[in-house]
Amino acid sequence: MSKKRNINLSNPTKNVLGIFLSSFCGAILSVVLTLILSYIISKTSISSGYLKIYFSICVGLGSIFGGFLSSKKCNFKGMLSGLLSSLPNSIIITIIMIVFSGGQLKESTIIIFLLIVICSILGGIIGANTKRRK
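Just so it is clear, the structure is predicted and the values come from calculations on it, not from any experiment.

(A) Fine view of the packing of helix H1 (residues 11–43) against helix H2 (residues 51–73). In the contact formed by H1 and H2, the axes pass within 7 Å of each other and the chain directions differ by 155 degrees. With respect to their mutual orientation, H1 and H2 come out roughly antiparallel. Of the two possible hands of crossing, H1 and H2 adopt the one that is right-handed. Of the residues contributing to the contact of H1 with H2, the split by class is 14 nonpolar, 10 polar and 2 charged.

This is the structure we're talking about:
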């Protein structure tokens, strides 16, 4: 018979892992949504003139999801957990953008960063408001 091991992590370690895991999940969701949208655009006659807006929406939704998860996993207030999850998420999205743009970042990158921060904070607030109270 196998026994399950309970791994007790300290509170700071749990918070740091929660932040990084939620940021990674948010970035993955952004990438998946972008891939789905790219496939839809390539197979239909939707105008590709709005690609920045489509990409921004995908990144925003992924950031909301990441902020929501971080608020659920951490013991911080919603705004703080959302803000903290936006930092690794911004780094991950930046690396992805550098890889796919051939090492070139544009002025619109700052807008993407602001969008990530705002949406992550919004997701953190939503996650904190849906937490079960003890």
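(B) Just the environment of isoleucine 126, in detail. Inspection of the secondary structure puts isoleucine 126 in helix H4 (residues 108–129). A residue is classified by how much of its surface remains accessible, and isoleucine 126, at 37% relative accessible area, is partly exposed. Separated by 57 residues in sequence, isoleucine 126 and leucine 69 place their C-alpha atoms 9.8 Å apart.

(C) Expanded view of the environment of isoleucine 96. In this fold, isoleucine 96 is placed in helix H3 (residues 78–101). As a C-alpha pair, isoleucine 96 and valine 31 span 65 residues in sequence and 8.8 Å in three-dimensional space.

(D) A look at the side chain of serine 71. On the secondary structure map, serine 71 appears in helix H2. A polar contact is formed between the side chain of serine 71 and the backbone oxygen of glycine 124, at a distance of 3.0 Å. Within the structure, the side chain of serine 71 is placed 2.9 Å from the backbone nitrogen of alanine 128, a separation counted as a polar contact.

(E) Looking closely at the nonpolar core. Among the nonpolar cores identified, the biggest contains 6 residues, and these are Ala27, Val59, Ile93, Met97, Ile112 and Ile116. Elements with a contribution of two residues or more to this core: H3 and H4. Once you skip the residues sitting within four places of it in the chain, valine 59 turns out to touch Ser30, Ile112 and Ile116.

(F) Geometry of H4. Along its 22 residues, H4 runs 32 Å from first to last C-alpha, staying within 8% of the 32 Å computed at 1.5 Å per residue. Along H4, the positions that sit buried rather than exposed are Thr109, Ile112, Ile116, Cys119, Ser120, Ile121, Gly123, Gly124, Gly127 and Ala128. Tucked inside the fold, the buried residues of H4 contact H2 and H3.

(G) View of H1. Counted at 1.5 Å a residue, the expected span for H1 with its 33 residues is 48 Å, and the 48 Å between its end C-alpha atoms agrees. Those residues of H1 that sit buried are Asn15, Gly18, Ile19, Ser22, Ser23, Gly26, Ala27, Ser30 and Ile41. Looking at the buried residues of H1, the elements they touch are H2 and H3.

(H) Region of the structure containing a nonpolar patch on the surface. On the surface, Phe24, Ile28, Val32, Ile36, Tyr39, Ile40 and Ile46 cluster together to form a nonpolar patch covering roughly 640 Å² of accessible area. Tracing the backbone through its elements, the reader meets phenylalanine 24 in helix H1. Residue phenylalanine 24 is classed as partly exposed on the basis of its relative accessible area, which comes to 48%.

(I) Molecular detail of the packing of H2 against H4. Direction vectors running N to C along H2 and H4 enclose 35 degrees, while the axes themselves pass 6 Å from each other. The two elements H2 and H4 meet at a crossing, and its hand is right-handed. Where H2 abuts H4, its residues Lys52, Phe55, Ser56, Val59, Gly60, Ser63, Ile64, Gly67, Phe68, Ser71 and Lys72 lie against Ser108, Ile112, Leu115, Ile116, Cys119, Ser120, Leu122, Gly123, Gly124, Ile126, Gly127 and Ala128.

Rules and cut-offs
Residues numbered from 1 in each chain as written. Predicted model: local features only at pLDDT ≥ 70, side-chain atom pairs only at ≥ 80, totals over all residues. Heavy atoms only, no water. Axes fitted to C-alpha atoms, helices over the stretch in contact; angles between N-to-C directions. Helix = DSSP H or I, 4+ residues; strand = E, 2+ residues; numbered from the N terminus. Parallel < 35°, antiparallel > 145°, perpendicular 65-115°, else oblique. Left-handed = near helix turned anticlockwise from the far one by under 90°. Nonpolar A, V, L, I, M, F, W, Y, C, P; charged D, E, K, R; others polar. Buried < 20%, exposed > 50% of the residue type's maximum accessible area, 1.4 Å probe, protein only. Polar contact = N/O pair within 3.5 Å; in protein donor to acceptor, adjacent residues only side chain to side chain. Core = buried A, V, L, I, M, F, W, Y, C linked by side-chain atoms within 4.5 Å. Contact = heavy atoms within 4.5 Å. Expected span 1.5 Å × (residues − 1). Patch = residues over 30% accessible without salt bridge, like charges linked within 9 Å, V, L, I, M, F, W, Y side chains within 5 Å. Areas by Shrake-Rupley, 256 points an atom, 1.4 Å probe, with all protein chains shown as cover. Salt bridge = Lys/Arg side-chain N within 4 Å of Asp/Glu carboxyl O.

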